[in-house]
Amino acid sequence: MELLGYYNYWVFAILLMVGFYAVIVRNNLIKKLLGLAIFQSAVFLMYITMDKVEGGTAPIIQEGVADQIYSNPLPQVLILTAIVVGVSTTALGLAIIVRIKEAYGSIEEDDIIAKDRES
Amino acid sequence: MNPSDHLAALQVVVLFLAAPIIVLLQARRLAWAATTLTSLLTFAIAIALTLGVLNGQDYQYFMGSWPAPFGIELRVDGFSAVLLLAITGASSAALLAGYHSLDQQIEAKRQPLFFAAWILALAGLAGIVISADAFNIFVFMEISSLASYVLVAGGPDKRALPAVFKYLIFGTIGATFYLIGVGLIYMMTGTLNLADMEVRIHDVADQSPVLVAAGFITVGLALKAALFPLHIWLPNSYTFAPHVVTVFLAACATKVSLYVLLRFDFFVFQQNLTGHELQFTFFFMPLAVFAILIASAVALFEKDLKRMLAWSSVAQIGYIVLGASIVSLAGLTASVLHVFNHAIAKGSLFLAVACLAMSFRGLRLNDIAGCAKAMPWTMGALVLAGLSLIGVPGTAGFISKWYLISAVLELGGGIAIFLTAVIVIGSLMAVVYIWRIVEHAYFRPAETEIVAREAPLGILSITWVVALANLYFGINPELPVTLSELAADALMGHIK
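Computed from a predicted model, the values in this text were never measured in an experiment.

Rules used in this analysis
- Residues numbered from 1 in each chain as written.
- Chains lettered and ligands numbered in written order.
- Predicted model: local features only at pLDDT ≥ 70, side-chain atom pairs only at ≥ 80, totals over all residues.
- Heavy atoms only, no water.
- Helix = DSSP H or I, 4+ residues; strand = E, 2+ residues; numbered from the N terminus.
- Buried < 20%, exposed > 50% of the residue type's maximum accessible area, 1.4 Å probe, protein only.
- Contact = heavy atoms within 4.5 Å.
- Polar contact = N/O pair within 3.5 Å; in protein donor to acceptor, adjacent residues only side chain to side chain.
- Phe/Tyr/Trp six-rings, centres within 6.5 Å; stacked < 30°, edge-to-face > 60°.
- Lys NZ or Arg CZ within 6 Å of the ring centre and 35° of its normal.
- Axes fitted to C-alpha atoms, helices over the stretch in contact; angles between N-to-C directions.
- Parallel < 35°, antiparallel > 145°, perpendicular 65-115°, else oblique.
- Left-handed = near helix turned anticlockwise from the far one by under 90°.
- Nonpolar A, V, L, I, M, F, W, Y, C, P; charged D, E, K, R; others polar.
- pLDDT = per-residue confidence, 0-100.
- Pairing = 2+ DSSP bridges.
- Salt bridge = Lys/Arg side-chain N within 4 Å of Asp/Glu carboxyl O.
- Core = buried A, V, L, I, M, F, W, Y, C linked by side-chain atoms within 4.5 Å.

Student: Can you tell me about the side chain of Ser388 of chain B, naming the residues and giving the values?
Tutor: All names here are of chain B. Tracing the backbone through its elements, the reader meets Ser388 in helix H15 (residues 376-390). When its relative accessible area of 1% is taken as the criterion, Ser388 is described as buried. Sequence-distant contacts of Ser388, defined by excluding residues within four places in its chain, comprise Ala345, Thr395, Ala396, Gly397, Phe398 and Asn470.

Student: Could you give an account of helix H7 (residues 194-201) of chain B, with specific residues and numbers?
Tutor: Residue and element names in this part refer to chain B. Every buried residue of H7 is listed here: Leu194, Asp196, Met197, Glu198 and Ile201. Buried residues along H7 sit in contact with helix H5 (134-153), helix H6 (160-189), helix H8 (208-224) and helix H10 (243-269). Two or three places before Ala195, at the opening of H7, Asn193 has a side-chain oxygen 3.0 Å from that residue's backbone nitrogen.

Student: Summarise the side chain of His342 of chain B; cite the residues concerned and give the values.
Tutor: Structurally, His342 of chain B can be placed in helix H13 (residues 329-359). Setting aside chain neighbours within four positions, we find His342 of chain B in contact with Ala250, Lys255, Ser313, Gln316, Gly347 and Leu389 of chain B.

Student: Explain the packing of aromatic side chains to me, using residue names and the numbers behind them.
Tutor: Scanning the model with the defined rule gives 24 aromatic pairs over all chains in all. Summarising the aromatic geometry, the rings of Tyr149 of chain B and Tyr167 of chain B are spaced 5.0 Å apart at their centres and angled 80 degrees between planes, so their arrangement reads as edge-to-face. Placement of Tyr149 of chain B in helix H5 and of Tyr167 of chain B in helix H6 is noted, with a sequence separation of 18 residues between them. As far as burial versus exposure is concerned, Tyr149 of chain B and Tyr167 of chain B are alike and both buried. Ring geometry for Phe398 of chain B versus Trp402 of chain B: centroids 5.9 Å apart, planes at 35 degrees, classification tilted. Within this pair, Phe398 of chain B and its partner Trp402 of chain B are both found in helix H16 (residues 396-411), separated by four residues, close to a single helical turn. Members of the aromatic cluster, connected to one another through ring pairs, are Phe20 and Phe39 of chain A together with Phe177 and Phe216 of chain B. The aromatic ring of Tyr319 of chain B is capped on one face by Lys401 of chain B, whose charged end is 4.7 Å from the ring centroid.

Student: Could you give an account of the packing of helix H1 (residues 7-24) of chain B against helix H4 (residues 111-130) of chain B, naming the residues involved and the relevant values?
Tutor: Residue and element names in this part refer to chain B. Where H1 contacts H4, the two axes come as close as 9 Å, and the packing angle between them is 165 degrees. The pairing of H1 with H4 is recorded here as roughly antiparallel in orientation. Taken as a pair, H1 and H4 cross one another with a handedness that is left-handed. Residue-level inspection shows Ala8, Gln11, Val12, Leu15, Phe16, Ala19, Ile22 and Val23 of H1 in contact with H4, the latter providing Pro112, Leu113, Phe115, Ala116, Ile119, Leu120, Leu122, Ala123, Ala126, Gly127 and Ile130. Residues that form the contact of H1 with H4 fall into these classes: 17 nonpolar, two polar and no charged.

Student: Run through the confidence of the model for chain B, naming residues and quoting values.
Tutor: Counting all residues, the mean pLDDT for chain B is 88, and 98% of those residues have values of 70 or more. Both scores are available for the predicted complex, with the pTM at 0.93 and the ipTM at 0.93.

Student: Any chance you could break down the pairing of strand E1 (residues 59-62) of chain B for me, citing the residues and the numbers?
Tutor: Residue and element names in this part refer to chain B. The side-chain alternation of E1 yields one buried face, formed by Tyr59 and Tyr61, and one unburied face, formed by Gln60 and Phe62. Note: E1 against strand E2 (residues 73-76), four bridges, orientation antiparallel. Among the inter-strand pairings, Tyr61 is bridged to a residue of E2, identified as Leu74.

Student: Explain the pattern of salt bridges to me, and be specific about the residues and the numbers.
Tutor: Any two side chains of opposite charge can pair, given that their charged atoms come close. All names here are of chain B. Per the counting criterion, the structure on display carries 13 salt bridges over all chains. A salt bridge links Asp58 to Arg75; the nearest nitrogen and oxygen atoms lie 2.9 Å apart. With Asp58 in the loop between helix H2 (28-54) and E1 and Arg75 in strand E2, this residue pair connects regions lying 17 residues apart in the sequence. A relative accessible area of 40% places Asp58 in the partly exposed class. For Arg75, a relative accessible area of 25% gives the class partly exposed. Linking Arg200 and Asp196 is a salt bridge whose minimum nitrogen-to-oxygen distance equals 3.3 Å. Of this pair, Arg200 and Asp196 are both found in helix H7, four residues apart, which corresponds to roughly one turn of the helix. One connected set of salt bridges, linked through shared partners, spans Arg28, Arg29 and Asp103.

Student: Hey, could you go over the nonpolar core for me, with residue numbers and the actual values?
Tutor: If you look at the biggest cluster of nonpolar residues, it comprises 222 residues, and the most contacted ones within it are Tyr47 of chain A together with Tyr178, Phe248, Phe264 and Leu356 of chain B. Considering every element that reaches this core, the biggest residue donor is H10 of chain B, with 20 residues. The contact partners of Tyr178 of chain B, leaving out residues within four places of it in the chain, are Ala134, Ile137, Phe138, Met141, Phe216, Ile217, Leu221, Val260 and Phe264 of chain B.

Student: Outline unusual backbone geometry, listing residues and values.
Tutor: All names here are of chain B. Cis geometry is adopted by the peptide bond preceding Pro229, which originates at Phe228 and carries an omega value of 0 degrees. Mapped onto the secondary structure, Pro229 falls in the loop between H8 and helix H9 (234-240). Positive phi is not limited to glycine here, since Ser65 has a value of about 60 degrees. Relative to the elements of secondary structure, Ser65 occurs in the loop between E1 and E2. Phi is positive for Val327, close to 50 degrees, though the residue is something other than glycine. Counting through the fold element by element, Val327 comes out in the loop between helix H12 (305-325) and H13.

Student: Mind laying out the packing of H13 of chain B against helix H19 (residues 478-493) of chain B, listing which residues take part and the relevant values?
Tutor: Residue and element names in this part refer to chain B. Running from amino to carboxyl end, H13 crosses H19 at an angle of 130 degrees, the nearest separation of the two axes being 8 Å. In this view, H13 runs oblique relative to H19, as classed from their interaxial angle. Seen from above, H13 lies across H19 with right-handed handedness. From H13, Leu329, Leu332, Thr333, Val336, Leu337 and Phe340 reach across to H19, where they touch Pro480, Val481, Ser484, Glu485, Ala487, Ala488, Asp489, Leu491 and Met492. Split by residue class, the contact of H13 with H19 holds 11 nonpolar, two polar and two charged.

Set out below in structure tokens:
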């Protein structure tokens, strides 16, 4: 049961590998980039999971309430930054793909390599 | 408060303030001037910080006056000073030299945006080096990476696009691995400050998450540092990037990731994890040997000038890692010294290549055959820098190879002989590939009529200044050696 109790971490690991697999195996640049986005999102999940304290609430100090357990707010703040980084990476990646399409007329990696060989 | 107290913060704040202003400058000459001035200003700040460090000052700065470990701490010591000098110096030299070269390669109306990306890349790289906060380092790392993707893709060569896409994929995977590692450490220690982490890792009862974190951080940063065999994004990115961008990135970008890696390995992990020292003997050392031998061998047969030098960079990363993997004072000194010396050697080589590119469209060895007659000064600088790369006595490269070999010999026994042989063979291969350039430039007749002229004075003079720095630091190596010893002391000081 203990292993199942960590199910969030299992989801993290599986998502991470799904994304990684797509990055390595897919030939289409958009699909590669999607894989990369999944890969990054998995890490967001890991950060969000680790800040949860069992029975903890939002870390707001209330009058008259003592010995309350709070969840850790810091990882959420950290991951907000990482999400922004992830979004900009994806945006930049898509912009590069658009330019690759303009320059090579294809977004399949094999075609691009073949065209580079010719020239 | 004295303004000099804020130097550590100003190193990046100046750049972040300048970047949006440069976007607004429509005139490209103005944008270039503003960027170059900002870069020179940060170079001056780096020099001021270095002088402070040499006087025994340890810069510690708390952002917004929040004390560590709660706030973000900035820290400059001998190790960071070496990197800061390399980063800001390379950027300033590349920008000063790039006046004509960039005009040739980047459309006029896109230049202000390009320069803004340049400043952001510089800010990110400098930020990684001064920050003492693990998550802050991640943010700076992504700022510098995203900006350098833009820089590499900015040139006219369409082959830069697939190269930069690969760079983006690998760079992001590397940074994400680093993020996972930092997350795991945070989970176990509850802190992001490097110094605080070091103390608290002691008290962690279950070390397995920290070991996993060490693995993720090592692989992620090795990927960003282009440590063999994780280097495959590097040769094409360097080859097809605009020439002065290659000067900038080749001189410092990968070394900054090595810097973070060494910080983590020596400050945070080394003494706290059981069995961590195995990582150096059984992971870094073999990879460094492979990097030196294989990357140099590939450079031997490379036909494209820029790609040959890019492969040589992969080999030089090997020397730097080899020094660190010995885990001794002498080894680390050699390693940090090579970071500095390789930055000026490879910087001046790529500057000379940028000079050649002013006249030659293609940069394969056959294209530049016989160019020495038309461009004697450019080739002179290239040969001088090449000698430094090989490690000929009297040049900067010799000093760091000398230190490296002495460090290796300290090990004693068969391994010392083997590693010395590797370094010597690597240097001999460097002799051969530099000789191939010389042979084509001086002794081969030109295949077609050469219309080349000597490069403009602006770029040529900078190239010579940097090339002569190779000689200067070869004869007067005090400054880098003192800084490297300080750095090595600090790194080893954390190992009991």
